Amino acid sequence: MKNSNCKITGNKTKNIISFGKMPIANGFLNKKDFKNEFFFNLSVSFSEEISLLQLNDHPKPKMMFNSKYPFYTSSSNFMKLHFNEYASWAKKKFLKKINNKIIEIGSNDGTFLKNFQNSNTEHLGFEPSKNVSDLAIKRGVNSTNKFFTRENLIKAEKFIGKTDIIFGANVVCHIPDLIEFIKTADKLLNDDGKIIFEEPYLGSMYKKTSYDQIYDEHIFIFSITAISKIFDLFDFQIIDAIPQVTHGGSMRYVISRKKTKHFNKKIKSMLETEKRKKISSLQGALNFRKNCELSKEKLLDKLFKIKKKGYKICGYAATSKSTTILNYCNIGPDIIDCIFDTTPDKIGKFSPGKHIPILDYKNFTKTFYNYSFLFAWNHKKEIEKKEKKYLKKGGRWITHL
Ligand code: TYD
């Protein structure tokens, strides 16, 4: 291992943009807690050495992932289907007919691992947020309420050195200590073992200027180049990268030990594309900064024009991503009256930082809102289908994109 820092940040790190004072993205709160709300400065830098876009500071993981984590993977039918397909793809491509051992990190409510129940695969999920881990157990999934670190492997002894695949989805970018993550994976995997994970993709974020992917939980926004450079510091290599439509554009990475000879020959050209599009260099990050500033100006202009005409605006889906938009652009209840959402743990509370009330989505059409800010723009198809009547009544969907 070339790098022995406790955190991989890379050298030649340049500050890119500050989004200002930011609360916990998923910290939906009650009125009584407004005065004690926690804030930190959300800013990102870019390491030219490892091509990594990363937060400069973030709250301690336990402040974000605890017994009150309000994100449930199963809240989207599209995501349930996606995880079903992800599992089928992996079974076909990498697993044997019998005696497999797999692990999922950040297994949430068990949506992915449920696809391995009743198969000849022994599974284990690591989930640090107790409420969602308990729900997974209730659904018959083997979940341990722990962070994925070497000292938490007590319940995973039979997986040590014997695991075929360590899976993740939207989780590796949440792990501040990537060295501990890779060393834990190294301890668990067998000789031919793979790490397969999918994360929001830097190239997609740049293309859409979807800066709302940047919030406390997303410590890194990865590219193929960054993943390739990071794993190369260890006994691992990237052997495939497969684009995904989820979360507004993600990338699924397949990692194996260095001795593996089989890899997708397209990787080389994918790395060259990232170079050409400046995804792997500082210039891409600097362009992104300009685009964020422009996007903020345009959005505020659009919202002020709507308000000036006397129209009503609500939000739809109280996503973690919305916390960055609302706080960076300083949008509060004077502009967006309320946000409708399906999550019982969020309903009745207020949005982090800007304190916009969160209401039950069932009441969405009870009052007419001329405009509805779709914060879950990544679930556009699913939501527009569900809320077909809204357009018919003359309502309009808007986003910052
Ligand atoms: P997602 O984009 O996965 O959130 P995040 O930015 O936190 O990763 O969207 C999940 C949120 O959107 C969750 O609060 C539930 C809400 N939601 C709805 O209210 N209705 C829907 O139809 C869907 C798919 C999500």
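Here the structure is a predicted model, which means the values were calculated and not measured.

A. The arrangement of a positive patch on the surface in detail. Taken together, Lys385, Lys388, Lys389, Lys392 and Lys393 make up a surface patch of like positive charges. In terms of residues, the positive patch owes the most to one element, helix H11 (residues 388–392), which gives three residues. Of the residues examined, Lys389 reaches a relative accessible area of 64% and is grouped as exposed.

B. Region of interest: the site of the ligand. In the vicinity of the ligand, 20 residues are found, and the nearest of them are Ser320, Lys321, Asp341, Lys346 and Lys386. Between Thr342 and the ligand, the recorded distance is 3.1 Å, taken from a backbone N or O atom to an oxygen atom. Taking His379, its side chain carries an N or O atom lying 3.3 Å from an oxygen atom of the ligand. When the ligand sits alone it has 560 Å² of accessible area, and the protein chains cover 98% of it.

C. Representation of the packing of helix H6 (residues 224–232) against helix H7 (residues 266–276) within the structure. Direction vectors running N to C along H6 and H7 enclose 120 degrees, while the axes themselves pass 9 Å from each other. In terms of orientation, H6 lies oblique with respect to H7. Between H6, through Ile224, Thr225 and Ser228, and H7, the contact on the second element is made entirely by Met270, Leu271 and Glu274. Here the contact of H6 with H7 is composed, by residue class, of three nonpolar, two polar and one charged.

D. Seen up close, the sheet that holds strand S9 (residues 220–221). Ordered by their spatial adjacency, four strands build an open sheet running S1-S2-S3-S9, and the pairing between neighbours is antiparallel. Looking at which strands have only one partner, the edges of the open sheet turn out to be strand S1 (13–23) and S9. Relative to strand S2 (residues 39–47), S1 is paired through nine bridges, and the arrangement is antiparallel. Counterpart to Asn15 in the pairing with S2 is Ser45.

E. Fine view of the pairing of strand S12 (residues 313–316). Along S12, one buried face is formed by Ile313 and Gly315 and the opposite face, lined by Cys314 and Tyr316, is buried too. The pairing of S12 with strand S15 (residues 371–374) spans four bridges and is parallel. Its bridge partner lying in S15, Cys314 is registered against Ser372. Across two bridges, the pairing between S12 and strand S13 (residues 339–341) is parallel. Opposite Gly315, over in S13, you have Ile339 as the bridge partner. Viewed along the sheet, the connection from S12 through helix H9 (residues 320–328) into S13 turns out right-handed.

So, how was this worked out
Residues numbered from 1 in each chain as written. Predicted model: local features only at pLDDT ≥ 70, side-chain atom pairs only at ≥ 80, totals over all residues. Heavy atoms only, no water. Patch = residues over 30% accessible without salt bridge, like charges linked within 9 Å, V, L, I, M, F, W, Y side chains within 5 Å. Areas by Shrake-Rupley, 256 points an atom, 1.4 Å probe, with all protein chains shown as cover. Salt bridge = Lys/Arg side-chain N within 4 Å of Asp/Glu carboxyl O. Lys, Arg positive; Asp, Glu negative; His and termini not counted. Charge placed at Lys NZ, Arg CZ, Asp CG, Glu CD. Helix = DSSP H or I, 4+ residues; strand = E, 2+ residues; numbered from the N terminus. Buried < 20%, exposed > 50% of the residue type's maximum accessible area, 1.4 Å probe, protein only. Near = heavy atom within 4 Å. Polar contact = N/O pair within 3.5 Å; in protein donor to acceptor, adjacent residues only side chain to side chain. Axes fitted to C-alpha atoms, helices over the stretch in contact; angles between N-to-C directions. Parallel < 35°, antiparallel > 145°, perpendicular 65-115°, else oblique. Contact = heavy atoms within 4.5 Å. Nonpolar A, V, L, I, M, F, W, Y, C, P; charged D, E, K, R; others polar. Pairing = 2+ DSSP bridges. Right-handed = clockwise from strand over helix to strand, strands pointing away.

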